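Overview (structure and organization)
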Amino acid sequence: MDVIAIIVTFHPGLLQLRALLDRLEGEVDAVVVVDNGSDADLAALLAARGTGDVELIALGANLGLAAAQNRGLARARDRGCRHVVLFDQDSLPAAGMVGVLRHGAETRAAAGELVAAVGP
């Protein structure tokens, strides 16, 4: 698996979240949504989409952004992912952004640089 998107949510606007998921379709291999204790039925929203590899990790309580990101990162590592891209629930990246970031990281690594992170 090459790229997993991790989206951290807390009482997300479902239309915004759907727009983000739609934008990521075809740009990442999988999506992990880590929910910080929302009331919304995110599992139903994700199941209704019926497309892509989308996994929900429901924390049940707001453990904070860093804890949620760490849970997502651990899941990506378990799945053997090479690259991770982090999003908040209201993010909307430019079309093609994930590919540009991956290309930037791989180009630098191929040039012998140690790459820990790239950003838009």
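Only a predicted model underlies this, so the values are computations on that prediction, with no experimental measurement involved.

Side note on the nonpolar core
- Residues A5, I7, L24, V28, V31, V85 and F87 are the most contacted members of the largest nonpolar core, which totals 18 residues.
- If you list the elements that add at least two residues to this core, you get strand 1 (3–9), helix 1 (14–24), strand 2 (30–35), helix 2 (42–49), strand 4 (83–88) and helix 4 (97–110).
- The element that contributes the greatest number of residues to this core is helix 1, accounting for 4 residues.
- For F87, the contacting residues outside a window of four places in its chain are A5, I6, I7, V8, L20, L24, P93 and M97.
- In terms of nonpolar packing, the next biggest core, distinct from the first, is built from 11 residues, I4, V8, V32 and L59 among them.

What to know about the layout of surface pockets
- In this structure, the largest pocket encloses a volume near 420 Å³.
- Secondary structure elements with two or more residues in the lining of the largest pocket: strand 4 and helix 4.
- For the lining of the largest pocket, the element with the highest residue contribution is helix 4, accounting for 7 residues.
- Residues that form the lining of the largest pocket fall into these classes: 15 nonpolar, 2 polar and 3 charged.

Calculation notes
Residues numbered from 1 in each chain as written. Predicted model: local features only at pLDDT ≥ 70, side-chain atom pairs only at ≥ 80, totals over all residues. Heavy atoms only, no water. Core = buried A, V, L, I, M, F, W, Y, C linked by side-chain atoms within 4.5 Å. Buried < 20%, exposed > 50% of the residue type's maximum accessible area, 1.4 Å probe, protein only. Helix = DSSP H or I, 4+ residues; strand = E, 2+ residues; numbered from the N terminus. Contact = heavy atoms within 4.5 Å. 1 Å grid on protein atoms, 1.4 Å probe; cavity = no way out; pocket = protein on both sides within 12 Å on 5 of 7 lines; lining within 4 Å. Points joined across faces, edges and corners; volume = space filled by probe spheres on them. Nonpolar A, V, L, I, M, F, W, Y, C, P; charged D, E, K, R; others polar.

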